[in-house]
Amino acid sequence: MSNADRNTGDKAGEALSNLLREERRFAPPPALAADANVKADAYERAEADRLGFWAEQARRLDWAVEPQETLDWSTPPFAKWFADGKLNVAYNCVDRHVEAGHGDRVAIHFEGEPGDTRTLTYADLKREVSKAANALTSLGVEAGDRVAIYLPMIPEAVISMLACARIGAPHSVVFGGFSADAVSSRVTDNDARIVITADGGYRRGKPSALKPAIDEALTSCPDVRNVLVVRRTGGDVAWTEGRDVWWHDLVDAQSEEHEPQPFDAEHPLFILYTSGTTGKPKGILHTSGGYLTQASYTHHAVFDLKPETDVYWCTADIGWVTGHSYITYGPLSNGATQVMYEGTPDTPHQGRWWEIVAKYGVTILYTAPTAIRTCMKWGDDIPAKFDLSSLRILGSVGEPINPEAWIWYREHIGAGKTPIVDTWWQTETGAIMISPLPGVTSTKPGSAQRALPGISAKVVDDTATEVGNGGGGYLVLDRPWPSMLRTIWGDDQRFEDTYWSRFEGLYFAGDGAKKDDDGDIWLLGRVDDVMLVSGHNISTTEVESALVSHPKVAESAVVGASDATTGQAIVAFVILRGSASESAELVAELREHVGKVLGPIAKPKRILPVAELPKTRSGKIMRRLLRDVAENRTLGDVTTLTDSSVMDLISSQLPSAP
Ligand code: ATP
Ligand code: MG
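Please read these numbers as outputs of a predicted model, since none were measured by experiment. (Residues numbered from 1 in each chain as written. Chains lettered and ligands numbered in written order. Predicted model: local features only at pLDDT ≥ 70, side-chain atom pairs only at ≥ 80, totals over all residues. Heavy atoms only, no water.)

Novice: Would you mind showing me how to read the side chain of K620 here?
Specialist: Position of K620 relative to the elements: it lies in the loop between β30 (606–609) and α21 (623–630). Those residues in contact with K620, other than ones at most four positions away along the chain, are S275, T277, W320, G398, E399, R526, P614 and K615. (Helix = DSSP H or I, 4+ residues; strand = E, 2+ residues; numbered from the N terminus. Contact = heavy atoms within 4.5 Å.)

And the structure:
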């Protein structure tokens with residue numbers, strides 16, 4: 001992305017500063033600010049002594065051997081954090097809370113989609129994790145062996161992750177919604193020998209089988225010795241004698257005692273594949289001490305968690321990194337009480353989430369823009385039927401949040417009062433990097449704003465020069481951070497090429513960003529997605545936000561399709577709100593609207609109302625597939641799509657390209 005036009009202040013560049021003209025500001029509620037876990041001084045302390053700051057945060061954890069060394073950056077980009085320390089990650093997430101007298105505190109309020117519930121205290125969790133650790137050991141799993149986990153959102157998912165961590169066996173969680181192919185390619189890539197799965201889970205009001213995908217996947221993974229199967233739905237399953245083992249037979253028979261062994265801080269904790277939004281997923285490796293330090297600190301700082309009183313709910317699936325860091329490791333290391341929900345938000349009715357918030361008195365909610373826009377589409381009257389007054393902090397992650405969606409979230413879910421923390425991070429970063437602090441930051445709708453204390457993020461141009469306020473370019477991280485990825489599993493070269501070769505000594509995040517006049521950061525979407533129209537860089541995010549600011553549009557995805565005259569032409573796919581219907585007049589009205597908000601250069605050449613957009617299982621729009629459609633190409637990698645029939649639907653709805 002060349003930023004000449006962003007910086008020169010030419011007409012088009014100015015016309016595109018829509019987001020930067022967003023002038024709404026929301027100060028933290030005074031009571032929250034007064035009692036916040038992290039106050040403004042944290043920025044200065046961390047700035048003055050970054051490594052000292054992280055060494056202090058590492059002491060949030062219980063170490064078997066306290067680290068003396070904070071960072072070893074002698075062979076960049078391969079970092080070692082707290083390398084001479086030893087700890088057990090599961091002990092930190094479970095046992096130490098029991099030992100501190102909090103065994104009776106609820107760790108997980110589980111809500112099944114059919115309405116069944118389970119409550120696990122920290123003492124229960126310790127017993128379950130210990131039994132599962134003993135069970136894995138009985139299957140011959142040793143420290144360093146990889147274990148694949150393919151489960152629905154049930155407590156066994158978290159128990160399995162912690163059992164692996166407890167015995168030092170890196171887990172590789174694969175989304176329960178992925179196909180057999182996606183499973184087998186991941187199992188093969190990291191050579192897992194044990195798979196933990198379930199007969200199925202509940203989705204959209206009915207049982208949805210999981211085991212058949214494992215059976216199919218394993219026909220091409222001959223090295224998998226055992227499949228441990230949780231019974232969730234009670235449906236019929238095919239059974240391979242000698243390989244398949246029921247969880248309730250094996251785990252329930254184990255001893256409730258298990259002595260957690262300490263591992264090196266740099267011992268591998270998990271491998272997780274990225275969402276695949278921009279191409280074939282990458283197997284990201286995270287290790288133990290630095291990862292847990294940052295997951296724990298950021299959860300404490302960004303969500304202001306008060307473990308005695310808060311009820312926290314992150315709606316992510318454990319199959320993506322948000323589920324790892326902000327369901328399993330961050331909250332549990334902090335002794336949080338959290339809600340875990342198995343199913344879809346509209347089963348059996350579109351108010352299910354809000355019913356759950358009211359039922360458990362959820363105080364902190366963390367979800368994704370895609371979910372917020374879906375709720376906007378369903379209508380304001382739905383959350384209005386429920387008592388959401390317990391909520392005090394709302395979080396967003398996964399994509400840039402359109403300012404209108406942000407405002408809707410605050411007004412209709414947060415009663416116009418709760419701070420919203422828009423958290424930017426990636427599978428690779430392991431934990432939150434850029435976000436407001438709820439007790440400190442005056443928030444701006446649509447902006448993630450500022451790197452957290454101890455983190456350094458910059459926006460640079462093509463020559464790696466930092467842009468000034470008001471400039472735009474590439475988001476980079478110029479200082480190592482504790483929860484940074486250590487490599488791409490089995491492929492150090494791809495690790496160096498993907499993240500460290502674009503700019504010398506800087507981590508290239510792959511996202512475009514702008515800085516406003518206050519120096520706050522606005523994420524603009526993927527660098528790959530930035531459009532070049534008649535010589536002007538235009539961000540997909542900005543055009544999408546302009547479309548979503550029209551009252552008839554709920555959601556939109558914008559791509560640049562090659563165009564003989566303008567280089568690229570803007571093609572917009574839109575999902576209309578509840579009652580709006582498609583017409584030539586509406587399309588013309590939307591084009592005019594974008595022209596008015598952003599300037600004529602940003603008017604989409606084509607606007608196509610569609611019923612659905614292609615999304616990853618983690619809820620992100622896959623623009624690259626829409627670009628394939630708009631340019632009449634064969635579709636790229638679709639293995640991480642939620643629903644691959646969406647692409648057929650869109651292709652069939654498309655009038656052939658002009
Ligand atoms: P792949 O790397 O395989 O293409 P992915 O990048 O979608 O997939 P994730 O690691 O799940 O995989 O997502 C990280 C990306 O999500 C970020 O690089 C960014 O583009 C986007 N993102 C996450 N949170 C935010 C946010 N708060 N604002 C803007 N973008 C965000
Ligand atoms: Mg990515």
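Novice: Hey, could you run me through the layout of surface pockets in this one?
Specialist: One water molecule sets the probe size; rolling that probe over the atoms shows where empty space is left. The volume enclosed by the second largest pocket comes to roughly 760 Å³. As for the second largest pocket, its lining consists of 41 residues, of which T278, Q426, A509, D511 and R526 are closest to the centre. Residues that form the lining of the second largest pocket fall into these classes: 14 nonpolar, 15 polar and 12 charged. Counting contributing residues, the lining of the second largest pocket receives three or more from each of domain 1 (30–514) and domain 2 (534–652). (1 Å grid on protein atoms, 1.4 Å probe; cavity = no way out; pocket = protein on both sides within 12 Å on 5 of 7 lines; lining within 4 Å. Points joined across faces, edges and corners; volume = space filled by probe spheres on them. Nonpolar A, V, L, I, M, F, W, Y, C, P; charged D, E, K, R; others polar. Domains from an automatic or database assignment.)

Novice: Please explain the site of ligand 1 as it appears in this structure.
Specialist: T274, G276, T277, T278 and T427 are the nearest of the 22 residues found near ligand 1. Take P400: an N or O atom from its main chain is 3.4 Å from a nitrogen atom of ligand 1. Contact between ligand 1 and R526: an oxygen atom at 2.8 Å from a side-chain N or O atom of the residue. Within the complex, the protein chains bury 97% of what would otherwise be the 640 Å² of accessible surface of ligand 1. Among the detected pockets, ligand 1 sits in the second largest pocket. In the shell around ligand 1, the residues fall into six nonpolar, nine polar and seven charged. (Near = heavy atom within 4 Å. Polar contact = N/O pair within 3.5 Å; in protein donor to acceptor, adjacent residues only side chain to side chain. Areas by Shrake-Rupley, 256 points an atom, 1.4 Å probe, with all protein chains shown as cover. Sits in = over half its atoms within 2 Å of the grid points.)

Novice: I'm lost on the state of the cysteines in this one. Help?
Specialist: Every disulfide links exactly two cysteines, by a covalent bond between their sulfur atoms. Per the counting criterion, the structure on display carries zero disulfides. A disulfide-free cysteine, C93 has its sulfur positioned 13 Å from the sulfur of C164, the nearest such atom. With no disulfide of its own, C375 lies closest to C314 among cysteine sulfurs, the gap being 15 Å. For C375, a relative accessible area of 7% gives the class buried. (Disulfide = S-S within 2.5 Å. Buried < 20%, exposed > 50% of the residue type's maximum accessible area, 1.4 Å probe, protein only.)

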